[in-house]
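# Breakdown of the fold
So you can see what is in the structure, the chains are spelled out below.
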Amino acid sequence: MSEARGSEGREPGSAGVPAAGTPAPEPRPPGSPGSGAPAPAVPDAWLPEWLVGRPLTAGWAWAGFWAALIVADEFLDLAGWSWYVLVGLAALPTLLASIALLHATPRRYLKPRRDSVLGHFFVRFLALIAAFLVWGVSVVMSASISTTLQSLGGASEREVTAVGFNLLLAAIPLVVSVLWLAFIIRCAWFLRRLRGWKQTPEPGAVPKKFLRDRPRLRRVVVGLAHPGLLLVAGLGTSVLAFLLGAVELTINVLK
């Protein structure tokens, strides 16, 4: 009688043939040592480690660089519109990150405010006072502009209209700048309620579905979407440009 042999005539227990009763080895997952399969690609591996590890610090460095260029622009006397480009570049990373985060966050996700009824009405009272002051200033400025137009244009209706349109065009950059500041403040206010002031917010502060499959990019975006960084990069650089005389073009035209 022939002895029991394994496949291809080899005896059980020899090399390559497990002995009877020996459990089969478990398959190794791809990418593990000795598996032979290539490791899966890491999402967003192109992002540098220093940016993923310290996104807020990188954002401060970026804003400081462009703020220094705004200061240098005052001494180099570049084009009058260059400060718009510098302010936009300073706020670009944190602004894009903030817009992406706020766009992916439903309004109901924000925690309800706990202010009292008195505080609610007091804020509305201050808003009404501010609105009245703005209205009063606009009335005074309208009367002053009307008098200026009459003195500059004389009796010619065409000249008065031409000067009026020139004043309107000159006021557009100033109005856009004010609306830009209001937009930055509003975005920073919502970011403070959403993620707080820390570089890495508390677990659950940011929606879990936001870039869930791309953790490296998620860390960078959440780190750059910081209310303080947005205020400094967007609001601070704009105020710096104003203080350095960036509105001289508008004032000169108004004169």
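Note that this is a predicted model, so its numbers are computed, not measured.

### Points about helix 6 (residues 215–224)
Most of helix 6 sits inside the fold, with seven of its ten residues counted as buried. Listing the buried residues of helix 6 in full gives Arg216, Leu217, Val220, Val221, Val222, Gly223 and Leu224.

### Focus: the packing of aromatic side chains
Applying the stated criterion across every chain yields a total of four aromatic pairs. With 5.9 Å between their ring centres and 35° between their planes, phenylalanine 132 and tryptophan 135 make a pair best called tilted. Of this pair, phenylalanine 132 and tryptophan 135 both sit in helix 4 (residues 117–153), three residues apart, which is roughly one turn of that helix. By the burial criterion, phenylalanine 132 is exposed, and tryptophan 135 matches it. In textbook terms, an aromatic cluster arises when at least three aromatic residues are bridged by ring pairs, as seen for Trp62, Phe65 and Trp66.

### Topic: the confidence of the model for the protein
Of the residues in the protein, 72% have a pLDDT of 70 or more, and the chain-wide mean is 75. In the model of the protein, helix 8 (residues 248–254) stands out as the element of lowest mean pLDDT, 46, in contrast to helix 6, which has the highest, 88. Low pLDDT, under 50, characterises residues 1–9; the stretch is placed with eight contacts to residues that sit more than four places away or in other chains. Confidence drops under a pLDDT of 50 for residues 249–254, and excluding neighbours within four residues, the segment shows eight contacts in the predicted structure.

### Examining unusual backbone geometry
Across the chain, the bulk of peptide bonds are trans and the bulk of non-glycine residues have phi less than zero. The backbone of leucine 211 sits at a positive phi, close to 50°, despite the residue not being glycine. Within the secondary structure layout, leucine 211 lies in the loop between helix 5 (157–195) and helix 6.

### Describing the packing of helix 3 (residues 82–103) against helix 5
Where helix 3 contacts helix 5, the axes come no closer than 11 Å and their chain directions differ by 35°. In the crossing of helix 3 with helix 5, the sense of the turn from one axis to the other is left-handed. Across the interface between the two elements, Trp83, Tyr84, Val87, Ala91, Leu95, Ser98, Leu101 and Leu102 of helix 3 pack against Pro173, Ser177, Trp180, Phe183, Ile184, Cys187, Phe190, Leu191, Leu194 and Arg195 of helix 5. For the contact of helix 3 with helix 5, the per-class residue count stands at 15 nonpolar, two polar and one charged.

### Structural notes on the packing of helix 2 (residues 55–76) against helix 6
For any two helices packed against each other, one specifies the crossing angle of their axes together with the interaxial distance. Look at helix 2 against helix 6: their axes get within 8 Å of each other, and the N-to-C directions meet at 50°. As far as their axial angle goes, helix 6 and helix 2 are oblique. Crossing of helix 2 against helix 6: the hand is right-handed. Here helix 2 contributes Pro55, Leu56 and Gly59 to the contact with helix 6, which in turn contributes Arg219, Val220, Gly223 and Leu224. Taken together, the residues that form the contact of helix 2 with helix 6 break down as four nonpolar, two polar and one charged.

Criteria and thresholds
- Residues numbered from 1 in each chain as written.
- Predicted model: local features only at pLDDT ≥ 70, side-chain atom pairs only at ≥ 80, totals over all residues.
- Heavy atoms only, no water.
- Buried < 20%, exposed > 50% of the residue type's maximum accessible area, 1.4 Å probe, protein only.
- Helix = DSSP H or I, 4+ residues; strand = E, 2+ residues; numbered from the N terminus.
- Phe/Tyr/Trp six-rings, centres within 6.5 Å; stacked < 30°, edge-to-face > 60°.
- pLDDT = per-residue confidence, 0-100.
- Contact = heavy atoms within 4.5 Å.
- Axes fitted to C-alpha atoms, helices over the stretch in contact; angles between N-to-C directions.
- Left-handed = near helix turned anticlockwise from the far one by under 90°.
- Nonpolar A, V, L, I, M, F, W, Y, C, P; charged D, E, K, R; others polar.
- Parallel < 35°, antiparallel > 145°, perpendicular 65-115°, else oblique.

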